[in-house]
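# Understanding the architecture of this molecule
This is what each chain is made of:
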Amino acid sequence: MVLEQIAKEINSAQKIYVASHINPDGDNVGALMGTYIILKDSGKDVTAVRIDEVPDNIKFLPRLSETVSDEGLEAPDLFISVDCADLERLGGLKDLYLSAKRRINIDHHSTNTNFGDINWVDSDSPATCEMVFHLFNNLGYEISKDAATCIYTGISTDTGSFKYDSVKKSTFEAAGVLIDKDIDINQIAVNLYQSRSKAKTDLLIKTLNSLKYYHDSKLAIVHVNDELIKQCGAHKSDSDGIVEFVRDIDGVEVAILLKEKSDSIKLSVRTKEYVSAINIVSSFGGGGHIRAAGATLELPLDKRIEDIVKIVEGELNGWRSDN
Ligand code: 5GP
Ligand code: MN
Ligand code: MN
């Protein structure tokens, strides 16, 4: 039903914008570009609106040069947001989004605030890109090799390369159809997972120096700041992937990365088997998924570490008493 509603909105709109979220990742850039390419190739007047810098490992995606900044853009008939849990995730595009005649919100975060006129939120879906695939595949749109490359990339990055417990049969079915579009899955994997720059590697090594374990080593915390990023000659987005590295340590259930900035701290949480990452960020007003969530915290760092150690203790004890 919702797919038909979305199709109707797309068909009746003249001018369409698509945008993803601040601090872009593979799933949202993939969903942004996949949606843009499919609609553009079908003859629609569509614009992919850029927010923030795209991380290096996603820069290989096709047609990124066709994205534009929001400067001078006028209100569209239809604005589609992808992979955004709330309006704040649109950053500086929020007002432009609100100015649209109609708004569609396509997302897979359980914390989505249903801010669109049409909200297609499927928290069971492992990636917004899988939703984008089902949308256009079911509606009979042509999915080109370029669009398939973008969509496959987003499914791969949000599922940790098809290994998280969010992955379902439909995920592999989508991947199968996309592979049939003649995409180069080895080239995608090399770009995504085997192209870490030396500066990013240096940042990973130096950040790991801050690694501390708590609660029988079930909790592991690392932190990084802008100065260290600069010292390594790295980009801000180069801290992506560090928290997953920490999560992958044997016995760690909760991995935390704190990015200390001049006025706030960005928290990233990853969990492995039984603790909810959403529960950990909820008292800080954050959101996300059961195994990956985030929030923005107030300084200072040492106090927030104390808070997190306490919150995680409660979650670990809660789990013990339930089992
Ligand atoms: P990351 O740790 O990679 O920044 O984010 C992990 C997950 O948490 C993502 O799905 C992202 O959407 C969500 N997330 C990260 N930061 C925030 C935040 O400040 N607010 C909300 N609502 N969600 C966030
Ligand atoms: Mn995302
Ligand atoms: Mn996502």
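Described in the following lines is the structure provided in the data block. Here the structure is a predicted model, which means the values were calculated and not measured. Numbering of residues begins from 1 in every chain and follows the order in which that chain's sequence is written. Each chain gets a letter, beginning with A, and each ligand a number, beginning with 1, in the order they are written. In view of the model being predicted, local features appear only for residues whose pLDDT reaches at least 70, and side-chain atom pairs are presented and counted only at 80 or more, with totals across whole chains, interfaces and linings using the full set of residues. Side-chain metrics in this entry use all non-hydrogen atoms of the structure; hydrogen atoms and water are not considered.

Looking only at helices and strands, the protein features twelve helices and eleven strands. The globule rule puts the C-alpha radius of gyration for 323 residues at 20 Å, and the 20 Å found for the protein is close to it. Along the longest, intermediate and shortest principal axes, the C-alpha atoms of the protein span 55 × 40 × 40 Å. For each residue, the accessible area found with a 1.4 Å probe, counting protein chains only, is set against the maximum for its type, and the residue is called buried under 20%, exposed over 50%, and partly exposed in between. Counting all 323 residues of the protein, 51% fall into the buried class. It only takes one pair of heavy atoms within 4.5 Å for two residues to be counted as in contact. Within the protein, contacts between residues separated by at least 24 positions form 63% of all contacts whose residues are at least 6 apart in sequence. A 1.4 Å probe and the Shrake-Rupley method give the accessible areas. Residues count as covered only by the protein chains that appear here. Of the accessible surface of the protein, which amounts to about 14700 Å², a share of 46% is contributed by carbon and sulfur atoms. Counting 36 positive and 51 negative side-chain charges, the protein places the averaged centre of each group 2 Å from the other. We count a stretch as a helix when DSSP gives it H or I for four or more residues in a row; a strand needs E for two or more, and each element gets its number in order from the N terminus. Each radius of gyration is computed over the set of C-alpha atoms, and the globule rule expresses the reference value as 2.2 Å times the number of residues to the power 0.38. Charge convention: Lys and Arg are scored as positive, Asp and Glu as negative, and His as well as the terminal groups of each chain are ignored. Here the site of a charge means atom NZ of a Lys, CZ of an Arg, CG of an Asp or CD of a Glu.

Moving on, we come to the nonpolar core. Counting 50 residues, the largest nonpolar core has Ile10, Ile80, Ile106 and Leu178 as its most contacted members. Discounting residues that sit within four places of it in the chain, Ile10 has contacts with Ile16, Leu39, Lys44, Leu78, Ile80, Phe136 and Tyr141. Here, nonpolar core refers to any group of buried Ala, Val, Leu, Ile, Met, Phe, Trp, Tyr and Cys residues whose side-chain atoms link them within 4.5 Å. Residues Leu219, Leu258, Ala295 and Leu316 belong to the second largest nonpolar core, which totals 22 residues.

Let us now look at helix 12 (residues 301–322). To estimate the expected span of a helix, subtract one from its residue number and multiply by 1.5 Å. Between its terminal C-alpha atoms helix 12 stretches 32 Å, which fits the 32 Å expected from 22 residues at 1.5 Å a residue. On its buried face, helix 12 is in contact with strand 6 (212–214), strand 7 (219–225), strand 8 (254–260), strand 9 (265–271), helix 11 (277–282) and strand 11 (292–297).

Salt bridges are counted wherever a side-chain nitrogen of Lys or Arg sits within 4 Å of a carboxyl oxygen of Asp or Glu. Inspection of the entire model under this criterion finds 15 salt bridges. One salt bridge connects Asp117 with Arg103, and the closest N-O pair in it is separated by 3.7 Å. Residue Asp117 is located in the loop between strand 4 (102–107) and strand 5 (118–121), and its partner Arg103 is located in strand 4; the two are separated by 14 residues in the primary sequence. Classification of Asp117 as partly exposed rests on a relative accessible area of 34%. Under the relative-accessibility criterion, Arg103 is labelled buried at 15%. We note a salt bridge from Lys206 to Asp202, for which the minimum N-O separation is 3.0 Å.

Angles between donor atoms at a metal ideally measure 109.5 degrees for a four-coordinate tetrahedral arrangement and either 90 or 180 degrees for a six-coordinate octahedral one. Distances from the manganese ion (ligand 3) to its protein donors, Asp27 (OD), Asp83 (OD), His108 (NE2) and Asp158 (OD), fall within 2.1 to 2.3 Å. Each metal's donors comprise the N, O and S atoms found within 2.8 Å of it (within 3.2 Å for Na, K or Ca). Water is not part of the atom list, so some coordination spheres may appear incomplete. Between the two metal centres, the manganese ion (ligand 3) and the manganese ion (ligand 2), the spacing is 3.7 Å, with Asp83 acting as a shared donor. Here Asp83 lies in the loop between strand 3 (78–82) and helix 3 (94–99) and Asp27 lies in helix 2 (residues 26–41), a separation of 56 residues in the sequence. Accessibility assignment for this pair places Asp27 and Asp83 in one class, buried.

For the manganese ion (ligand 2), the full set of protein donor atoms is His21 (NE2), Asp25 (OD) and Asp83 (OD), and the range of their distances to it is 2.0 to 2.4 Å. Read in sequence order, the donor residues for the manganese ion (ligand 2) give the motif H-x3-D-x57-D. His21 sits in the buried class, given a relative accessible area of 2%.

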